[in-house]
Structures are given as structure tokens and as C-alpha cells.
Amino acid sequence: MSSWKTLLVAAAALATLLAADATVETTCKAAAAIDVRIDYGFCVSELSKHRDSPGADTWGLAKVAANLGVNNAGGAVREADALLARPPGTGADDAKARAALGQCRSLYFDMELAFAGAHDEIDARQYAAGKEMAVEGIALARRCDAVFAEARIPSLLARRGEYAEQIAVLCIAITDLIK
């Protein structure tokens with residue numbers, strides 16, 4: 001291929017990437033405008049990481065947000081599995097932590113299904129049902145936090161819970177933007 005054709009292809013690719021970023025940024029700005037809980041920087045950062053974001057419209061970005069929830073919940077299940085695979089300790093706190101992890105593993109598995117359901121409902125343009133499934137993700141994260149609180153130990157999955165809540169709120173807000 002000649003150098004001018006290579007340059008033309010590169011310029012077209014760059015223009016496509018810039019247009020996709022503008023869509024993510026525009027959507028995140030609009031989402032933050034309708035829900036004060038939306039962190040614009042988080043929105044842009046997380047949506048931009050996903051392979052389906054370039055060129056996606058609002059509908060596509062709502063599905064991306066749901067998919068990010070699936071990925072986070074699946075990561076929490078794997079994290080809990082890894083922690084539970086360690087040899088048990090001898091302290092009472094270890095027994096409490098293992099019991100809490102076991103319960104939370106189940107909650108995050110359910111969360112993975114909830115976010116997958118949100119994705120499927122949004123894909124089917126059943127927006128109210130999709131948002132309900134995303135709300136379920138928030139409830140499941142909070143239930144896990146409560147399990148650790150009842151055991152009187154810090155949550156070993158706190159970061160996953162915070163992310164789940166942020167991405168669920170984002171998914172709902174973006175879904176509300178769909179015309």
C-alpha cells in the first residue's frame with residue numbers, strides 16, 4: 001500500500017476513535033446531568049475501556065455498562081473463590097470471614113445474573129425491566145456489605161461492591177437517556 005493510502009487509513013481510524021470518545025464523553029456528561037451520583041470521570045474511564053464502546057450509541061453504552069457489571073460481579077466470585085481456596089486459619093475471625101465470603105460469593109453470583117439480565121432486557125428494549133435488574137445489583141452489593149458488617153469484620157469485597165453500585169447507577173442513568 002502506498003504511503004498516502006496508509007496515511008488515509010490511519011486518519012480514518014483516528015477520526016473513528018475520536019468520534020467514539022466524543023459519544024462516550026457526551027453520554028457521560030448527559031448521565032451526570034440527570035443523576036448527581038454519576039462520577040463523570042468514572043463513567044468516561046470505565047466505558048472507554050470496553051471493546052464495544054467505540055461507535056456505540058446510547059443504547060449500546062447502556063448495554064456496555066450492564067456488561068461491566070457482569071464482569072465486576074464475575075471478578076468478585078473468582079476473588080471469593082481464590083480466598084476460600086486458601087487453607088483455613090485457626091482464628092475465629094478467619095471462620096467468620098470464610099462464612100461471610102461464602103455468602104457473598106453466592107450474592108455476587110446472583111449479581112452476575114442480574115447484570116446479565118439487565119443487558120438482555122436493555123438489548124430487547126425492555127428498559128424498565130433492565131433498570132430493575134440493575135437495581136438488583138445494588139441490593140445484592142449492599143447485602144454482601146451487611147453480611148460482613150454482621151460478622152463485625154471489614155468486607156473483603158468492598159471495592160467490588162462500590163464498583164457494582166457505581167456501574168448500576170450509571171447503567172440506569174444511561175438507559176434513561178435512550179430516546
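We now turn to the structure provided with this report. (Residues numbered from 1 in each chain as written. Predicted model: local features only at pLDDT ≥ 70, side-chain atom pairs only at ≥ 80, totals over all residues. Heavy atoms only, no water.)

### Notes on the side chain of K63
Heads up, the condition is: Here a helix means four or more residues in a row that DSSP labels H or I, a strand means two or more in a row labelled E, and each is numbered from the N terminus. In this description, contact between two residues means that some pair of their heavy atoms is separated by no more than 4.5 Å.
Tracing the backbone shows K63 in helix α3 (residues 58–85). Setting aside chain neighbours within four positions, we find K63 in contact with H119, I122 and D123.

### What about the packing of aromatic side chains?
Note the following rule: Aromatic rings from Phe, Tyr and Trp, with only the six-membered ring used for Trp, were paired whenever their centres fell within 6.5 Å, and each pair was classed as stacked if the ring planes differed by under 30 degrees, edge-to-face if by over 60, and tilted otherwise. Exposure is judged per residue with a 1.4 Å probe applied to protein chains only, and the accessible area is read against the type maximum: over 50% gives exposed, under 20% gives buried, and values in between give partly exposed.
On inspection of all chains with the given rule, the structure shows one aromatic pair. Ring centres 5.4 Å apart and planes at 70° place the aromatic pair F42 and Y163 in the edge-to-face group. With F42 in helix α2 (residues 40–49) and Y163 in helix α6 (residues 158–177), this pair connects stretches of sequence that are 121 residues apart. According to the relative accessible area criterion, F42 is buried, its value standing at 14%.

### So, the pattern of salt bridges
Rules: A side-chain nitrogen of Lys or Arg and a carboxyl oxygen of Asp or Glu constitute a salt bridge if their distance falls within 4 Å.
Scanning all chains against the criterion turns up eight salt bridges. As a salt-bridge pair, E79 and R160 come within 3.0 Å of each other at their nearest N and O atoms. Of this pair, E79 sits in helix α3 while R160 is found in helix α6, placing the two residues 81 residues apart along the sequence. Exposure remark for E79: the relative accessible area of 23% places this residue in the partly exposed category. Taking relative accessible area as the criterion, R160 reaches 16% and is therefore assigned buried. Through salt bridges with shared partners, a single ionic network connects E79, R159 and R160.

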